[in-house]
Every structure is written in structure tokens, then in C-alpha cells.
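# Survey of secondary and tertiary structure
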Amino acid sequence: MKIVKSVCEVKEYVKELRRKEKNIGFVPTMGYLHAGHLSLVRESVRRCDYTVVSIFVNPTQFAPNEDFNKYPRNIQSDIEILEKEGVDLIFIPGDGEMYPEGYQTYVEVKNLQDRLCGGSRPNFFKGVCTIVLKLFNIVTPDISFFGQKDAQQVVILKKMVCDLNLDVKIEALPIIREKSGLALSSRNEYLDKKQKKAALCLSRSLIRAREMVETGEKNVALVLKSMKTEIESEPLARIDYIEIVDSESLQPVNQINDKMLIAVAVFINNVRLIDNIIV
Ligand code: PAF
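Treat the numbers as computed from the prediction; the structure is a model and nothing was measured.

## Brief notes about empty space enclosed by the protein
Within the structure shown, the criterion is met by one cavity of 30 Å³ or more. Volume-wise, the largest cavity comes out at about 60 Å³. If you trace the largest cavity, you find it lined by Lys149, Leu182, Ala183, Ser185, Asn188, Ala199, Leu202, Ser203, Leu273, Ile274 and Asp275. Sorting elements by how many residues they give to the lining of the largest cavity places strand β9 (residues 271-278) first, with three residues.

Okay, here's the thing in C-alpha cells:
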């Protein structure tokens, strides 16, 4: 397994693979890998000739008041994990490699970026799209793998790929959960035992929504109300949003239908967690 830090080295490596007509799977990450990331890596290794993983905590997707500095990092352990998974190349650039002095170019997917998580994190998707496009240009993957936990990210990146005529397929893989139902996230690291228990209100609210939909409830307001009650029963929880939206346009739906995304963002103390289901 090769570990490289510079854009040039990745480009050289990729050029060689292209010469050999190999296809490339790519998993962009911010490191501190958990079973959710590993499901993406395994799928890439299974389906592609070569797998590239990037580890980069992208500063442009964090607002000044957010957790960029304390975002959990453990490069050594990430490298060991990826080696065992049969990854071919890890790209670990520094901030200056991705955003050299004088950097000025950003990518935005208008409208889709302003809703849901974009409402409370206004520059988040601009940062995500910019770094992902840069990484796509460097790695030139055939397929790139993302977790469905970041459902809005997946919708936005698919739109970016389509609008900018990029030759990469975005593949979204199911959310990986702890036995308790808690969706895996690097930010779970911030939670103590009590807070982790409190965080189960997210998945409970989604299970409640799914049950209502599956037993024929058509009234969106009633489903939202029931989810709100579930989350508010947890004293440590503060709702950022609960939304039922069309799974492609991300616009709120008036009536329950068969292609909806039900998504929640909730603060447990000051840790913002997200979760969702597609119904
Ligand atoms: O989902 C993430 O971990 C990040 O948003 C990504 C796609 C690696 C871009 O920094």
C-alpha cells in the first residue's frame, strides 16, 4: 500500500493505472475511520481494480465556530486499518497542498445546498463540493463511495457530477449502526455514555416515523409531530431540524409518498448529530 502526501504523486500513480486500463474506486474521508467508512472501502475493494482512500479534514467545510480543531484524528490507526482492507493508495494531503496560498475557487450547488444541514451550516456544502471536486480531479475515480448517513451530501454531489459532466459514478451505501440503533459517526467520539444513550432519540424518532408511514399514515404534519415528541422526551436533546422531503429535490413534501427522505439533526449537549431514512 502506498501512502502519499502530494497531488503530483497521486497523479503519477493514477496515470500508470490508466495506462494499464485499470478502474479506480475512491473513498474520500476525513479519517478517524469507523465501520461505516469500512463498508465503503470494502465495497470499493470488492468492485474495483484499485482503491484509493483520502484522509483530509477539510477546513473549508467547517464554520469558524465549529469543531475543525478538535475533530478526532488518528492517522496511524487509519493507515493500519486501510492496509488490512487491501487499499492500494492513501492520499493524506496537508492543508497547504489542497489550499495553497492565494486559493480562490469554490463550487456551489445552488438551492440544494441551502436546505436541511445547509440551513444551520451555511458554507458547509460549498466546502464539501469544492474539496470533493478537487479530489475527483486528482484521483479521477470511476466510482466514488459515500455513506447514506450524509444523505444531503450524496444528493448534492450527484447533482454536481451531473451538472459538471464529471465521469464518475457516485455510489451511496447504507447507514451502519451500532446494535443500539445509533448511526456510526466520528462525532460519536465526543459523547459520554449518558449522551450516547440520549442520542438514541434520533433513530427512535425515525423508527417511529417509518412505522407510521408503513401503517398507512399520509399526514406529514402528524408524522413530524410524533417524531418531535419522541426527540423532545429526551432532556439532553435540542432539535436542529426534523424534515420530510423529496429524496431528490430535497423540497418538503405535502403528503407521504414513496420517495421521501426523513431526516433529523439534533444537538446532544453541543454535539450535532444527523440521521435519516429513505421511505
Ligand atoms: O463525508 C465526509 O467525510 C466529508 O464531507 C468528505 C466527503 C470526505 C469531504 O470532506
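## A look at the site of the ligand
The environment of the ligand is formed by Pro28, Thr29, Met30, Asn58, Gln61, Val128, Ile131, Val132, Phe146, Asp150 and Gln153. The separation between an oxygen atom of the ligand and a polar side-chain atom of Gln153 is 2.8 Å. Considering the ligand on its own, with 290 Å² of exposed area, one finds that the protein chains cover 89% of that surface. Of all the secondary structure elements, the ones that give two or more residues to the shell around the ligand are β2 (24-29) and α6 (124-139). Top element by residues in the shell around the ligand is α6. It accounts for three residues. A per-class count over the shell around the ligand returns six nonpolar, four polar and one charged.

## Points about the packing of helix α1 (residues 7-19) against α6
Where α1 meets α6, the closest approach of the two axes is 8 Å, and the angle between their N-to-C directions is 45°. With respect to each other, α1 and α6 are oriented oblique. Between α1 and α6, the residues in contact are Val7, Val10, Lys11 and Val14 and Asn137, Ile138 and Val139, respectively.

## Some remarks on the sheet that holds strand β1 (residues 2-4)
Pairing is parallel across the open sheet formed by six strands, whose spatial order is β1-β4-β3-β2-β5-β6. The strands lining the two open edges of the sheet, one partner per strand, are β1 and β6 (169-173). Taken pair by pair, the neighbouring strands of this sheet meet at an average axis angle of 25°, ignoring direction. In this structure, β1 lies alongside strand β4 (residues 89-91), joined through three bridges in parallel fashion. The partner of Val4 across the bridge, within β4, is Phe91. Sheet strands in contact with helix α2 (residues 35-47) are β2, β3 (50-55), β5 (143-147) and β6, and its direction is about 155° off that of β5. Sheet strands in contact with helix α7 (residues 151-163) are β5 and β6, and its direction is about 170° off that of β6.

Conventions and cut-offs
Residues numbered from 1 in each chain as written. Predicted model: local features only at pLDDT ≥ 70, side-chain atom pairs only at ≥ 80, totals over all residues. Heavy atoms only, no water. 1 Å grid on protein atoms, 1.4 Å probe; cavity = no way out; pocket = protein on both sides within 12 Å on 5 of 7 lines; lining within 4 Å. Points joined across faces, edges and corners; volume = space filled by probe spheres on them. Helix = DSSP H or I, 4+ residues; strand = E, 2+ residues; numbered from the N terminus. Near = heavy atom within 4 Å. Polar contact = N/O pair within 3.5 Å; in protein donor to acceptor, adjacent residues only side chain to side chain. Areas by Shrake-Rupley, 256 points an atom, 1.4 Å probe, with all protein chains shown as cover. Nonpolar A, V, L, I, M, F, W, Y, C, P; charged D, E, K, R; others polar. Axes fitted to C-alpha atoms, helices over the stretch in contact; angles between N-to-C directions. Parallel < 35°, antiparallel > 145°, perpendicular 65-115°, else oblique. Contact = heavy atoms within 4.5 Å. Pairing = 2+ DSSP bridges.

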